[in-house]
Amino acid sequence: MADMFRRSQRFYDAIYSWKDYPAEAERIDAAIRSRRPGAETLLDVACGTGKHLELLGDRYRAEGVDLDPEMLEIAGARLGPGVPLHVRDMRDFDLGREFDVVTCLFSSIGYARTEDDLRRAVGTLVRHAGPGGVVLVEPWFTPDQWEPRHLSAIFVDEPDLKIARLALSGAVTTPMTMTFHYLVGTGDGIEHFTEDHEVGMFTHQQYVDAFRAAGIEPEHDPAGPMGRGLYVGVRPW
C-alpha cells in the first residue's frame, strides 16, 4: 500500500485544497468532546500530510501514523518536531501505549481492502484507545453509493502549478483498483503519470461488525465531517 501515492505526494495538498479542513476539525472535535470531554491525547491513523493533525494538535497532544514515509516527511515539515510521526501499517501496528482518541479520517480505512483487513485495522485502532477512549472512522463509499463509469476530475490552477486528475470508476468489487491519471505542469516542465489505488468498498453492516468484533458498539453519523459519514465508538471502561 505504501507505493500507491508513487508520485503525487508533493501535489496532495494542492489536489485536496477544496476540503474545508477547519470545519471538519470542528465537527471531529465536537464528536470527541460530547463523548470524552476531558480527552487530552489523540492518535491520527493514516494521517497523510498532517492537515487534520495541524488543526487538532492545538487541542490535543497529538501523534500520527501513516504507511507512506514521503507523506510523513511533508507532515513533519508542517507540524514540527513536537508531533511524533510513525511509519506503520494501520492493520497491525503497535505503539505500546494508549490514547484518549484514535481517528482514521478522509476514507483512509478503504485502504484496508478486504473485510478481514478492515476488522484487523479497526481492532488495531481500538487497541490503541484507552478505557473510555473514543474511536472515529470516516468511511469510504459504500456499494449502494457507488456509481460505475462515473468520470471524476479535479483541477488545480495556481500560478506555478497546473494539475488535471481524472478517474473513471469501475464496477463494484472488493478489493477494487482505481486508476488516477495525472497531467501536471510546473516551471520544470509537464509530466503525465498514473497511480493505481487498490481499495475496499464495505457496507454499513461490515463497518458495524468490525467495531463489534473489537468490542465496541458504534454510533453512525450519516453526514460526518464531509458528507461521507462517521462511525464513532467508545471503548468500555
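Summary of the structure given here. Being a predicted model, the structure only gives us computed values, none of them experimental.

**Some thoughts on the nonpolar core**
Ranked by internal contacts, the top residues of the largest apolar core, which has 51 residues, are Leu43, Val45, Leu118, Val135, Trp140 and Ile163. When neighbours within four sequence positions are excluded, Ile163 is seen to be in contact with Phe11, Ile15, Ile154, Phe155, Val156, Tyr182, Leu183 and Val184. In this structure, Ala39, Leu42, Cys47 and Leu105 belong to the second largest nonpolar core, which totals 21 residues.

**Description of unusual backbone geometry**
Backbone torsion omega between Thr174 and Pro175 reads -5°, so that peptide bond is classified as cis. Relative to the assigned elements, Pro175 resides in the loop between strand E7 (161-168) and strand E8 (176-186). Unlike most non-glycine residues, Ala46 shows phi in positive territory, near 65°. Tracing the backbone shows Ala46 in the loop between strand E1 (41-45) and helix H3 (51-56). Residues other than glycine seldom take positive phi values, yet Arg149 does so here, at roughly 65°. Position of Arg149 among the secondary structure elements: in the loop between strand E5 (129-137) and strand E6 (151-158). A relative accessible area of 67% places Arg149 in the exposed class.

**Considerations on the side chain of His128**
Assignment of secondary structure puts His128 in the loop between helix H5 (115-127) and E5. For His128, a relative accessible area of 3% gives the class buried. His128 has contacts with Leu43, Phe93, Asp94, Leu95, Gly96, Arg97, Glu98, Phe99 and Val102, leaving out every residue within four places of it along the chain.

**Comments concerning the pattern of salt bridges**
Applying the stated criterion to the full structure yields 21 salt bridges. A salt bridge links Glu63 to Arg97; its shortest N-O distance comes to 2.6 Å. Taken as a pair, Glu63 in strand E2 (residues 61-66) and Arg97 in the loop between strand E3 (85-87) and strand E4 (99-104) lie far apart in primary sequence, 34 residues in all. In this structure Glu63 comes out as buried when scored by relative accessible area, which is 11%. Note on Arg97: relative accessible area 36%, which makes it partly exposed. Taken together, the shared-partner salt bridges connect Asp89, Arg91, Asp92, Asp117 and Arg120 into one network.

**A closer look at the pairing of strand E11 (residues 230-234)**
Most of E11 is tucked away: four of the five residues are buried. Bridge analysis of E5 against E11 gives four bridges, and the strand direction is antiparallel. What sits directly across from Val135, in E11, is Gly233. Bridge analysis of strand E10 (residues 219-221) against E11 gives three bridges, and the strand direction is antiparallel. Bridge pairing in E11 links Glu219 to Val232.

**Some points on the environment of Lys19**
With respect to the helices and strands, the residue Lys19 is situated in the loop between helix H1 (12-15) and helix H2 (21-33). You can call Lys19 buried: its relative accessible area is 6%. Lys19 sits 87 residues away from Phe106 along the chain, and the two C-alpha atoms are 10.0 Å apart. In contact with Lys19, not counting residues within four places along its chain, are Glu24, Phe106 and Met226.

**Quick word on H2**
Here H2 is 13 residues long and its end C-alpha atoms lie 18 Å apart, about the 18 Å a rise of 1.5 Å per residue gives. The secondary structure elements touched by the buried residues of H2 are H1, E1, H3, E4, E5 and E11. For H2, the side-chain oxygen to backbone nitrogen distance between the N-cap and Ala23 is 3.2 Å, and the N-cap itself is Asp20.

**Re the pairing of E6**
Sheet analysis places E6 next to E7, joined by eight bridges and oriented antiparallel. Following the sheet pairing, Ile154 is matched in E7 by Arg165. Hairpin remark: E6 followed by E7, antiparallel, with two residues in the connecting loop.

Reading the values: the criteria
- Residues numbered from 1 in each chain as written.
- Predicted model: local features only at pLDDT ≥ 70, side-chain atom pairs only at ≥ 80, totals over all residues.
- Heavy atoms only, no water.
- Core = buried A, V, L, I, M, F, W, Y, C linked by side-chain atoms within 4.5 Å.
- Buried < 20%, exposed > 50% of the residue type's maximum accessible area, 1.4 Å probe, protein only.
- Contact = heavy atoms within 4.5 Å.
- Helix = DSSP H or I, 4+ residues; strand = E, 2+ residues; numbered from the N terminus.
- Salt bridge = Lys/Arg side-chain N within 4 Å of Asp/Glu carboxyl O.
- Pairing = 2+ DSSP bridges.
- Expected span 1.5 Å × (residues − 1).
- Polar contact = N/O pair within 3.5 Å; in protein donor to acceptor, adjacent residues only side chain to side chain.

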